[in-house]
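The residues making up each chain are set out below.
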There are 2 protein chains.
Amino acid sequence: MAKRVGVKEVAEHAGVSWKTVSNVMNNRPVVRPETRARVLQAVEELGYTPNLIGRQLRQGSTRTIALVVPDLRNPYFARLAQTLQEAARPRGYTVSIELSGGGIEAEQHYLHGRHGRLFDGLIFSPSAVTIDAMARRTDPTPLVLLGERVATARIPHVAIDNVASSVDLVRHLIDGGRRHIGFLGAEAVGGTSTGSQRFEGYRAALRFAGLPLSADLVAAADSWQREDGYRLAQQVLRSSPEVDALVCANDLLAVGALSAARDLGRTVPDDLALVGWDDIDEVRYAMPPLTSVAPDLDALAEAALSAVLGEREEGQVVIDHRVVVRESSRPVRAPGS
Amino acid sequence: MAKRVGVKEVAEHAGVSWKTVSNVMNNRPVVRPETRARVLQAVEELGYTPNLIGRQLRQGSTRTIALVVPDLRNPYFARLAQTLQEAARPRGYTVSIELSGGGIEAEQHYLHGRHGRLFDGLIFSPSAVTIDAMARRTDPTPLVLLGERVATARIPHVAIDNVASSVDLVRHLIDGGRRHIGFLGAEAVGGTSTGSQRFEGYRAALRFAGLPLSADLVAAADSWQREDGYRLAQQVLRSSPEVDALVCANDLLAVGALSAARDLGRTVPDDLALVGWDDIDEVRYAMPPLTSVAPDLDALAEAALSAVLGEREEGQVVIDHRVVVRESSRPVRAPGS
DNA sequence: CTGAAAGCGCTTACAG
DNA sequence: CTGAAAGCGCTTACAG
């Protein structure tokens, strides 16, 4: 393993000063082309690669944004991470994927700057941490929230309109002839979390349509994995066989619900419609393919990035979504047709 | 945004020297308990968090390992990343997830140290880069390869036995009564890549069983996404309707193949068995659930980490695998039963 | 356009 | 057990 070569060696090799090398490496236009060429050759010959740590220390910036998500088991986060990385590149930034495990301790770690100035900003998908804890934050690292909204503190926030998208889904189901619509993955009404907003929209749409809200058709959950969807769907389908549609708070829940429906002998979409959020690749290959709310991920990444980098004024950004209709929510046939 | 407080401020506040603060922060046993308490209190009061960049520069180490994978669309990589992060934590290391996009340029970037000393080691899942390029490497950053094997250079390497696991799968299919077994995702025979090794095992098993190897039943591919599986399966099933099983080089291909089979009116597992690799969560919820080779991920993470940190002698580690049998490869019923 | 000096925030020997 | 100095590898003003 060869000894690492630094700016000094390069400067010596090229017969210029330290600083000139730095100027060349940073593409500053103040270097004579001739000198520049000599330096670049020295860099090449010596195989010099600048030590970013030195630069970062000096500049007081890492040009790295942390994306803090609970988990990578949800393909949505994986795709989000990838989209963010691509959006950050042209800006000269890197996105580091940080896993909180959904634990409150890990989340506080990032929120309160115990990451040690490694990041110029935080794009944060909160899971366990309370709104208060976010509002009480003193760490100066810029923060942007995904999904969750903290109205009290002026924390920027980027998300689709969860209430509206939920209304869209329910209306789509009602238009398709469904009347006994359940909800999987509910959280407390009035909360600001993604789950409670989606549930809120569901309630509002039912009310508007004049359909009753039945507690039996609603299953709460804080974890939204496939197995949770399976469990919750079993529960609802068993207790309320009249259910003819399930709004699932995310696609993983819907995938689990699909499996439960099958095990209980229910046919999707004939007996039961299934819809969810995120439009992960997997739902296109489910049988049948599942209807899902697709956020405009590129817009989301763009907005989150520009917010965390301080490029935009107001902090609350609503991202477009669309309902991607697939077979799982096909309208029920009129009886006898 | 408050001004950031450094060691100096803490030292002053506690009435001790700079260095003592450093000693306390690093848990060195040379500090009197009383002094230590005073320092910790100052840290608390001032809300001091050490700047890791300074430490990293001084120590010449970041205690960060890069996991370089082509993509996060494959849930296998997402789970691997998570497992590695958890395995690294007790060692005091962090794993940074780096996306190469499968591009040769990005891969070279990491391989040849142009990442700027940000990483103490590289766990690398090669995709586009050639074996030669890896062997010619001069960058001193420790490297461990995942999947691919470079025999010429002494590059450590961690993987399951791809040939053996492929043999296991094919034997399982033959035991289940399948006789016309195809392969999706083949690569050049004799290569060291994951795909070619899995194909190699398939060939060997067929030969051992006395079954013919038919080129029509084999579809090559360099991309292993669901849509590739769909396309390849369509192709093989159309040209060779006698196929009664497909060995898919990974689970995503199998998921796509399942969808293609359905669209062509083939029933899995009655008409067609489907098997793959990685045992991603998704295949447990497929309909029917898919048989898959599950690597011992914890062992893999452990081995990769200890190899890249230089904790073990020999570089080539073979990780246990097991075939998780599910409905997709159920034995065909004897005719008439 | 180029050079000599200072400093980013830590830790590491080295004295005491 | 504690203190003063040097240095990790860069970049940033500041002169010339």
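- Naming follows an unreviewed UniProt entry, where chain A appears as LacI family DNA-binding transcriptional regulator of Kocuria sediminis.

1. A few points about the interface of chain A and chain B
- Taken together, the contact between chain A and chain B spans 47 residues of the former and 47 residues of the latter.
- Roughly 4400 Å² is buried in total at the junction of chain A and chain B, and carbon and sulfur atoms are behind 60% of that figure.
- Scanning the region where chain A abuts chain B turns up three salt bridges.
- Between B:Arg226 and A:Asp281 there is a salt bridge; the shortest N-O distance is 3.8 Å.
- At the level of secondary structure, the elements contributing two or more residues to the side of chain A that touches chain B comprise helix 4 (52–59), helix 5 (75–88), strand 2 (94–99), helix 10 (226–239), helix 11 (251–263) and helix 12 (281–284) of chain A.
- Here the side of chain A that touches chain B is built from residues that sort into 21 nonpolar, 14 polar and 12 charged.

2. Quick notes on the protein's contact with DNA strand D
- Near DNA strand D, the surroundings consist of 25 residues, among which A:Val7, A:Trp18, A:Arg55, B:Thr35 and B:Arg58 are the closest.
- For DNA strand D, the fraction of protein-proximal atoms (within 4 Å) that sit in sugar or phosphate groups is 64%.
- A:Arg58 places a side-chain nitrogen or oxygen 2.9 Å from a base oxygen of DNA strand D.
- Broken down by secondary-structure element, the contributors of at least two residues to the surface near DNA strand D are helix 2 (18–25) and helix 4 of chain A together with helix 2 (18–25) and helix 4 (52–59) of chain B.
- Among the elements that line the surface near DNA strand D, the one with the most residues is helix 4 of chain A, at five residues.

3. Side note on empty space enclosed by the protein
- Across all of its chains, the model carries one cavity of 30 Å³ or more by this definition.
- The volume enclosed by the largest cavity comes to roughly 150 Å³.
- Around the largest cavity sit 13 residues that line it, and A:Tyr285, A:Ala286, A:Met287, B:Tyr285 and B:Ala286 are the ones nearest its centre.
- Ranked by residues supplied to the lining of the largest cavity, first place goes to helix 11 of chain A with three residues.
- Counted by class, the lining of the largest cavity contains 10 nonpolar, one polar and two charged residues.

4. Observations concerning the domain arrangement of chain A
- If you check the domain split of chain A, you get domain 1 (7–50), domain 2 (62–160 + 298–321) and domain 3 (162–294 + 323–329).
- The distance between the C-alpha centroids of domain 1 of chain A and domain 2 of chain A comes to 37 Å.

5. A few points about unusual backbone geometry
- Omega for the bond connecting B:Val268 with B:Pro269 falls within 30 degrees of zero, at 10 degrees, which places this linkage in the cis form.
- Note on placement: B:Pro269 falls in the loop between helix 11 (251–263) and strand 9 (273–277).
- Cis geometry marks the peptide bond from B:Met287 to B:Pro288; its omega dihedral reads 0 degrees.
- A positive phi angle, near 55 degrees, is found at A:Arg117, a position not held by glycine.
- With respect to the element layout, A:Arg117 can be found in the loop between helix 6 (104–111) and strand 3 (121–124).
- With phi around 55 degrees, A:Asp279 is a residue other than glycine that occupies positive phi space.

6. Observations concerning the nonpolar core
- Core analysis: the largest hydrophobic core is formed by 160 residues, its most contacted members being A:Leu72, A:Tyr202, A:Val247, B:Leu72, B:Tyr202 and B:Val247.
- Setting aside residues no more than four positions away along its own chain, A:Val247 makes contact with A:Leu169, A:Val170, A:Leu173, A:Ile181, A:Gly182, A:Phe183, A:Leu184, A:Tyr202, A:Val275 and A:Trp277.

7. Remarks on the protein's contact with DNA strand C
- What surrounds DNA strand C is a group of 25 residues, the closest being A:Arg58, B:Val7, B:Trp18, B:Arg55 and B:Arg58.
- Within 4 Å of the protein, the contacting atoms of DNA strand C are 64% sugar and phosphate, with bases supplying the remainder.
- The side chain of B:Tyr48 places a nitrogen or oxygen atom 3.0 Å from a phosphate oxygen of DNA strand C.
- Take B:Arg58: an N or O atom from its side chain is 2.7 Å from a base oxygen of DNA strand C.
- Listed by contribution, the elements that provide at least two residues to the surface near DNA strand C are helix 2 and helix 4 of chain A together with helix 2 and helix 4 of chain B.
- No other element matches helix 4 of chain B, which puts five residues into the surface near DNA strand C.

8. Some points on helix 3 (residues 33–46) of chain A
All names here are of chain A.
- With 14 residues, helix 3 should cover 20 Å at 1.5 Å per step; its first-to-last C-alpha distance of 20 Å lies within 8% of that length.
- Three or more residues of helix 3 are buried, namely Thr35, Val39, Ala42 and Val43. Buried residues of helix 3, viewed axially, fall in a sector of 100 degrees; they line one side. Exposed residues on helix 3 whose side chains face more than 90 degrees from its buried face are Pro33, Glu34 and Glu44.
- Buried residues along helix 3 sit against helix 1 (7–14) and helix 2.
- Directly beyond the C-terminal end of helix 3, a positive phi value near 65 degrees is found at Gly47.

9. A few points about helix 1 of chain A
All names here are of chain A.
- Residues of helix 1 that are buried include every one of Val10, Ala11 and Ala14, and no others. Seen from one end, helix 1 has its buried residues packed into an arc of 100 degrees, which puts them on one side. Opposite the buried face of helix 1, by more than 90 degrees, sit the exposed residues Lys8 and Glu12.
- Positive phi shows up at Gly15, right after helix 1, with a value of about 70 degrees.

10. Things to note about the packing of helix 5 (residues 75–88) of chain B against helix 13 (residues 297–308) of chain B
Residue and element names in this part refer to chain B.
- Taken N-terminus to C-terminus, the directions of helix 5 and helix 13 make an angle of 60 degrees; their axes are 9 Å apart at the nearest point. By the criterion of interaxial angle, the relationship of helix 5 to helix 13 is oblique. Of the two elements, helix 5 crosses helix 13, and the hand of that crossing is right-handed. Across from Tyr76, Arg79, Leu80, Thr83, Leu84, Ala87 and Ala88 in helix 5, the residues of helix 13 making contact are Leu297, Asp298, Leu300, Ala301, Glu302 and Leu305.
- Tallied by class, the residues present in the contact of helix 5 with helix 13 amount to nine nonpolar, one polar and three charged.

11. Side note on the sheet that holds strand 8 (residues 245–248) of chain A
All names here are of chain A.
- Pairing in this open sheet of six strands is mixed, and the strands run 7-6-8-9-10-12 from one edge to the other. Of all strands in the sheet, those with a lone pairing partner are strand 7 (218–220) and strand 12 (321–324), marking the two edges. Within this sheet the neighbouring strands show an average axis-to-axis angle of 15 degrees, counted without direction.
- The sheet strands contacting helix 11 are strand 6 (181–186), strand 8, strand 9 (273–277) and strand 10 (291–295), and the helix crosses strand 9 at an angle near 155 degrees.

Criteria and cut-off values
Residues numbered from 1 in each chain as written. Chains lettered and ligands numbered in written order. Predicted model: local features only at pLDDT ≥ 70, side-chain atom pairs only at ≥ 80, totals over all residues. Heavy atoms only, no water. Contact = heavy atoms within 4.5 Å. Buried area = accessible area lost by both parts, 1.4 Å probe. Salt bridge = Lys/Arg side-chain N within 4 Å of Asp/Glu carboxyl O. Helix = DSSP H or I, 4+ residues; strand = E, 2+ residues; numbered from the N terminus. Nonpolar A, V, L, I, M, F, W, Y, C, P; charged D, E, K, R; others polar. Near = heavy atom within 4 Å. Polar contact = N/O pair within 3.5 Å; in protein donor to acceptor, adjacent residues only side chain to side chain. 1 Å grid on protein atoms, 1.4 Å probe; cavity = no way out; pocket = protein on both sides within 12 Å on 5 of 7 lines; lining within 4 Å. Points joined across faces, edges and corners; volume = space filled by probe spheres on them. Domains from an automatic or database assignment. Core = buried A, V, L, I, M, F, W, Y, C linked by side-chain atoms within 4.5 Å. Buried < 20%, exposed > 50% of the residue type's maximum accessible area, 1.4 Å probe, protein only. Expected span 1.5 Å × (residues − 1). Arc of directions from axis to C-beta. Axes fitted to C-alpha atoms, helices over the stretch in contact; angles between N-to-C directions. Parallel < 35°, antiparallel > 145°, perpendicular 65-115°, else oblique. Left-handed = near helix turned anticlockwise from the far one by under 90°. Pairing = 2+ DSSP bridges.

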